[in-house]
Amino acid sequence: MATSLLAESRKAPLAGEALDQLFREARTHNFWLDQPVSDELLRELYDLTKWGPTSANCLPMRVLFVRTPEAKERLRPALMPGNVDKTMAAPVTAILAYDELFYEKLPVLFPHNPGIRDMFANAPDLAELTAFRNGTLQGGYFILAARSLGLDCGPMSGFDNAKVDAEFFTAGACGEDTTPDVPTTIRIKSNFLCNLGYGDPSQLLPRSPRLAFDEACRLL
């Protein structure tokens, strides 16, 4: 019986072509073809990303897709000079961020532990660490999901987080409705940026080396 269950639970490895697209041949792109990315594809991208595991299903990542010329200009002042041209040229720039008050949604996301919301609410250092770690983890899923959908990615730091947060994540900054109950302090914090689109392969530099297994791993 146990052998039968084990056999049924085993998944077939992905084909080499899929592994190439996700990892071995995937590159970070800085130059972009003039090909748009639809809103429908961005929705599909998030709907794939959301299934990646997070601690207590906390899902702290929030994404702002900057895709219009007007929105790009709002982002420009926060960019380091070396990141301006490639970001302005990318069809979409995703601001990968995390919600410091992610735990407000835990009664819905993690209903079998009624006390978990208060656990984080009463431990702000733990909440901050959990939000940042799991938001970053979701950012990794986001890149792989984008690649799986045929998109190229240009993830980067090299921007002023405080400027991005003030411009895009204060109450009302993105045109959403505000009420007296909406806090004016920033609860969404930017983590990193990721340009999205269809990269120009002719502009790629030779691939940088990677560490071998024995340089990075140990078996105990």
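Here we summarise the structure given alongside this text. (Residues numbered from 1 in each chain as written. Predicted model: local features only at pLDDT ≥ 70, side-chain atom pairs only at ≥ 80, totals over all residues. Heavy atoms only, no water.)

Taken as a whole and assessed by the stated rule, the structure comprises 4 aromatic pairs. With centroids separated by 5.2 Å and ring planes inclined at 65°, the aromatic side chains of Phe 102 and Phe 120 adopt a geometry described as edge-to-face. Taken together, the positions of Phe 102 in the loop between β2 (92–99) and α6 (106–109) and Phe 120 in helix α7 (residues 116–121) put the pair 18 residues apart, joining distant regions of the chain. Each member of the pair, Phe 102 as well as Phe 120, carries the same accessibility label: buried. Through a chain of ring-to-ring contacts, three or more aromatic side chains come together here, namely Phe 102, Tyr 103 and Phe 120. (Phe/Tyr/Trp six-rings, centres within 6.5 Å; stacked < 30°, edge-to-face > 60°. Helix = DSSP H or I, 4+ residues; strand = E, 2+ residues; numbered from the N terminus. Buried < 20%, exposed > 50% of the residue type's maximum accessible area, 1.4 Å probe, protein only.)

Counting residues in each nonpolar core, the largest one holds 18 residues, and the members touching the most others are Val 37, Leu 45, Leu 96, Phe 142, Leu 151, Cys 194 and Leu 196. When residues of this core are traced back to their parent elements, those giving at least two are α3 (39–49), β2, α8 (124–148) and β4 (188–197). Ranked by residue count, the leading element in this core is α8, at 4 residues. The residues contacting Phe 142, other than those within four sequence positions of it, are Leu 45, Thr 49, Val 63, Phe 65, Ala 94, Leu 96, Cys 194 and Leu 196. Core analysis: the second largest hydrophobic core is formed by 16 residues, Leu 64, Leu 79, Met 156 and Ile 188 among them. (Core = buried A, V, L, I, M, F, W, Y, C linked by side-chain atoms within 4.5 Å. Contact = heavy atoms within 4.5 Å.)

Another point: the layout of surface pockets. In this structure, the second largest pocket occupies an estimated 280 Å³ of space. Residue lining of the second largest pocket: 16 residues in total, with Arg 27, Thr 28, His 29, Leu 204 and Leu 205 positioned closest to the centre. (1 Å grid on protein atoms, 1.4 Å probe; cavity = no way out; pocket = protein on both sides within 12 Å on 5 of 7 lines; lining within 4 Å. Points joined across faces, edges and corners; volume = space filled by probe spheres on them.)

Read from one edge to the other, the open sheet built from 4 strands follows the order β1-β2-β4-β3, with strand pairing classed as antiparallel. Edge strands, defined here as strands with exactly one partner in the open sheet, are β1 (61–66) and β3 (152–156). In this sheet, neighbouring strand axes are inclined to one another by 30° on average, regardless of whether the strands run parallel or antiparallel. As defined by bridge partners, β2 adjoins β4 across 8 bridges and the pair is classed as antiparallel. Note that in β4 the partner of Ile 95 across the bridge is Leu 193. Running at roughly 10° to β4, α8 makes contact with β1, β2, β3 and β4 of the sheet. Helix-sheet contacts for helix α9 (residues 161–168) involve β1, β2 and β4, and the interaxial angle to β4 is about 90°. (Pairing = 2+ DSSP bridges. Axes fitted to C-alpha atoms, helices over the stretch in contact; angles between N-to-C directions.)

Right, let's talk about the pairing of β2 for a bit. Counting buried positions along β2 yields 8 of 8 residues, so the element is predominantly enclosed. Neither face of β2 is left uncovered, since the one carrying Val 92, Ala 94, Leu 96 and Tyr 98 and the one carrying Thr 93, Ile 95, Ala 97 and Asp 99 both have all their residues buried. One ladder, built from 6 bridges, connects β1 with β2; its direction is antiparallel. Counterpart to Arg 62 in the pairing with β2 is Ala 97.

Glancing now at α9. Residues Val 164, Asp 165 and Phe 168 constitute the buried set of α9. Within α9, the buried residues cover an arc of 95° as seen down the axis, which keeps them to one side. Lining the buried residues of α9 we find β1, α4 (69–75), β2 and β4. The N-terminus of α9 is capped by Asp 160, whose side-chain oxygen sits 3.0 Å from the backbone nitrogen of Ala 162. (Arc of directions from axis to C-beta. Polar contact = N/O pair within 3.5 Å; in protein donor to acceptor, adjacent residues only side chain to side chain.)

For the rest of this paragraph, the subject is the packing of α3 against α8. The N-to-C vectors of α3 and α8 enclose an angle of 130°; their axes lie 9 Å apart at closest approach. The angle between the axes of α3 and α8 places the two elements in the oblique class. Crossing of α3 against α8: the hand is right-handed. For the pair α3 and α8, contact is made by Leu 45, Leu 48 and Thr 49 and by Gln 138, Tyr 141, Phe 142, Ala 145, Ala 146 and Ser 148, respectively. In terms of residue class, the contact of α3 with α8 is made up of 6 nonpolar, 3 polar and no charged. (Parallel < 35°, antiparallel > 145°, perpendicular 65-115°, else oblique. Left-handed = near helix turned anticlockwise from the far one by under 90°. Nonpolar A, V, L, I, M, F, W, Y, C, P; charged D, E, K, R; others polar.)

So far we have only geometry, and geometry alone does not tell us how the molecule works.
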